[in-house]
Amino acid sequence: METLELQAKNNTPYINFDASTGIMVMKGRSTPENSVEYYEPITNWVLNYIQSPAENTIIKVQFEYFNTSSSKCILDVLKKFAEIHKAGKSAKVEWYFEEDDEDMKEAGEDYGDIVKMPFEVIEIPE
Amino acid sequence: MSNYHTLYEKMHDNNIMLTFKGEVSFDLVNSVLKIMEERLDRIEENKKTRKKVYNVLVECLQNLCNHIETSDYEVQGYDARTALLIIETDAEKYKVVTGNYIPKDQVAGLKERLEQINSISKEELRELYKKILDNGQFSEKGGGGLGFIDIARKSGQKLKYEFENVNETVAFFTLRIDVPRKDSAEE
């Protein structure tokens, strides 16, 4: 399976989903005009990936900002990844937030409550 | 011509950072965000506050933009596609004000939503957000009524609003969000 790599733009995050290593990176900002359209290829890639995932899947999420319309799309992506855990394989989320960014910490905790898979909220020291 | 000088002085006295009146397109939203990001970087030392103001702006502007995209009506000469945006600051807070025309039959529903958000605690807001995020109906572009809740959570303040009757069918909706400067709100 080919690696999904999308470069960060002003409104969209950096994406690097690597099927061979199982490391999935989402990083930066997500405030696209049309979130559903933007996340569609990403969700499709994940749907394919979860058919035969790597030994260990680690989803590293490090957002600076995301808008509310992205929030549902991000949740959908994480829920798809959670299927791996449900199927008994190893998958976890590492949700990073910058030191003092209470809002992003809370967001991580919120997602951790909803998504049924190991979920770690991690502070990045300044 | 001296009117313009008066206007300028008034804007200066109110510490207006940015003001706009007109059609709100997504390109405009991006331009405003870019300008505001640069200004906030210059004048706001607190990174947390910078992020909060930016976040509130994103939601306010995208709210306006979405509203405008779904409103192809023009009611008795009141153009639903144009809006007002004012961003002010003083030592205590940032103020983000938006104003736009809405059909009067939307007033009651909107008021109810805003009142609900204003009447519940911070923790309840968080639970409501989570509930809508997990179960809510989302529109084509992904909006789903989370905008106002997010604005209330990020600003930590009640949403200030006003509906002004324009005529039998049209009202002017003003929304004001205050974002406190420094960490005075919580710590």
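As the structure is a computational prediction, the values presented were derived from the model and not from experiment. (Residues numbered from 1 in each chain as written. Chains lettered and ligands numbered in written order. Predicted model: local features only at pLDDT ≥ 70, side-chain atom pairs only at ≥ 80, totals over all residues.)

Helices and strands together make up the secondary structure of chain A, namely three helices and six strands. For chain A, the sequential pattern of α-helices and β-strands runs β-β-β-α-β-α-β-α-β. Computed over its C-alpha atoms, the radius of gyration of chain A comes to 14 Å, within 12% of the 14 Å expected for a compact globule of 126 residues. Principal-axis analysis of the C-alpha atoms gives chain A an extent of 35 × 25 × 25 Å. The long-range fraction of contacts in chain A, counting pairs at least 24 apart against all pairs at least 6 apart in sequence, stands at 69%. (Helix = DSSP H or I, 4+ residues; strand = E, 2+ residues; numbered from the N terminus. Rg over C-alpha atoms; globule rule 2.2 N^0.38 Å. Contact = placed C-beta atoms within 7 Å.)

Right, let's get into the overall build of chain B. Summing up its helical and strand segments, chain B has six helices and seven strands in all. Tracing chain B from N to C terminus, the helices and strands come up as α-β-α-α-β-β-β-β-α-α-α-β-β. Of all 187 residues assigned to chain B, the portion counted as buried reaches 29%. Partitioning the intrachain contacts of chain B with sequence separation of at least 6 by distance along the chain shows that 65% fall at a separation of at least 24. (Buried ≥ 20, exposed ≤ 12 C-beta atoms within 10 Å, placed from the backbone.)

When the parts of a complex come together, some accessible area is lost, and that lost area is often used as the size of the interface. Taken together, the 24 residues of chain B in the interface contact 22 residues of chain A. Contributing elements (two or more residues each) for the side of chain B that touches chain A: helix 2 (26-43), helix 3 (47-69), helix 5 (122-135) and helix 6 (146-155) of chain B. With seven residues, the single largest contributor to the side of chain B that touches chain A is helix 3 of chain B. Tallied by class, the residues present in the side of chain B that touches chain A amount to seven nonpolar, seven polar and ten charged. (Nonpolar A, V, L, I, M, F, W, Y, C, P; charged D, E, K, R; others polar.)

For Asp100 of chain A, which is not a glycine, the phi torsion comes out positive at approximately 80°. In this model, Asn15 of chain B sits at a positive phi of 55°, which is unusual for a non-glycine residue. By the element assignment, Asn15 of chain B lies in the loop between helix 1 (2-13) and strand 1 (16-23).

Further remarks concern the nonpolar core. Counting 33 residues, the largest nonpolar core has Val53, Val56, Leu57, Cys60, Leu61, Val96 and Ile177 of chain B as its most contacted members. Counting residues per element, the ones that place at least two in this core are helix 2, helix 3, strand 4 (82-89), strand 5 (93-103), helix 5, helix 6 and strand 7 (170-180) of chain B. When residues in this core are grouped by element, the largest group, nine residues, is from helix 3 of chain B. The next biggest cluster of nonpolar side chains, apart from the first, holds 30 residues, and it includes Phe17, Phe63, Phe81 and Tyr111 of chain A. (Core = buried A, V, L, I, M, F, W, Y, C linked by C-beta atoms within 7 Å.)

Take the packing of helix 3 (residues 102-114) of chain A against helix 5 of chain B next. Two numbers describe a pair of packed helices, the interaxial angle and the distance between the axes. It is the contact of helix 3 of chain A with helix 5 of chain B, at a shortest axis distance of 11 Å, that shows an interaxial angle of 50°. Between helix 3 of chain A and helix 5 of chain B, the angle is such that the two are oblique. Crossing hand, helix 3 of chain A versus helix 5 of chain B: right-handed. Listed contacts from helix 5 of chain B to Glu106, Asp110, Asp113 and Ile114 of chain A of helix 3 of chain A are Arg126, Tyr129, Lys130, Leu133 and Asp134 of chain B. Here the contact of helix 3 of chain A with helix 5 of chain B is composed, by residue class, of three nonpolar, no polar and six charged. (Axes fitted to C-alpha atoms, helices over the stretch in contact; angles between N-to-C directions. Parallel < 35°, antiparallel > 145°, perpendicular 65-115°, else oblique. Left-handed = near helix turned anticlockwise from the far one by under 90°.)

In this section: the confidence of the model for chain A. Of all residues in chain A, 100% attain a pLDDT of 70 or more, and the chain-wide mean is 95. When pLDDT is averaged over each helix and strand of chain A, the minimum, 95, is found for helix 2 (residues 68-86) of chain A and the maximum, 98, for strand 2 (residues 14-17) of chain A. (pLDDT = per-residue confidence, 0-100.)

This part is about helix 2 of chain B. All names here are of chain B. Between its first and last C-alpha atoms helix 2 spans 26 Å; for 18 residues at 1.5 Å apiece the expected length is 26 Å, and the two agree. The complete set of buried residues in helix 2 reads Val29, Met36 and Leu40. Looking down the long axis of helix 2, one finds its buried residues gathered within 40° of arc, a one-sided arrangement. For helix 2, exposure combined with an orientation more than 90 degrees from the buried face picks out Asp27, Ser31, Lys34, Glu38, Asp41 and Arg42. (Expected span 1.5 Å × (residues − 1). Arc of directions from axis to C-beta.)

Residue and element names in this part refer to chain A. The strand order across the open sheet formed by six strands is 1-2-3-4-5-6, and the pairing between neighbours is mixed. The sheet is open, and its two edges are formed by strand 1 (4-6) and strand 6 (119-124), each paired on a single side. Strand-to-strand twist in this sheet, taken as the mean axis angle between neighbours without regard to direction, amounts to 15°. Both strand 5 (residues 90-98) and strand 6 contribute to a ladder of six bridges, which runs parallel. Bridge pairing in strand 6 places Tyr96 opposite Ile122. Across the sheet, helix 2 touches strand 3 (23-30), strand 4 (56-66) and strand 5, and the angle it forms with strand 4 is around 170°. Against the sheet, helix 3 makes contact with strand 4, strand 5 and strand 6, and its axis sits at roughly 160° relative to strand 5, the strand it touches most. (Pairing = 2+ DSSP bridges.)

Before going further, it helps to examine helix 3 of chain A. The end-to-end C-alpha distance of helix 3 of chain A, which contains 13 residues, comes to 19 Å, matching closely the 18 Å that a straight helix rising 1.5 Å per residue would cover. Residues of helix 3 of chain A that are buried: Met104, Ala107, Gly108, Asp110 and Tyr111 of chain A. Buried positions in helix 3 of chain A, seen along its axis, are confined to an arc of 160° and lie on one side of it. Looking at the buried residues of helix 3 of chain A, the elements they touch are strand 4, helix 2, strand 5 and strand 6 of chain A together with helix 5 of chain B.

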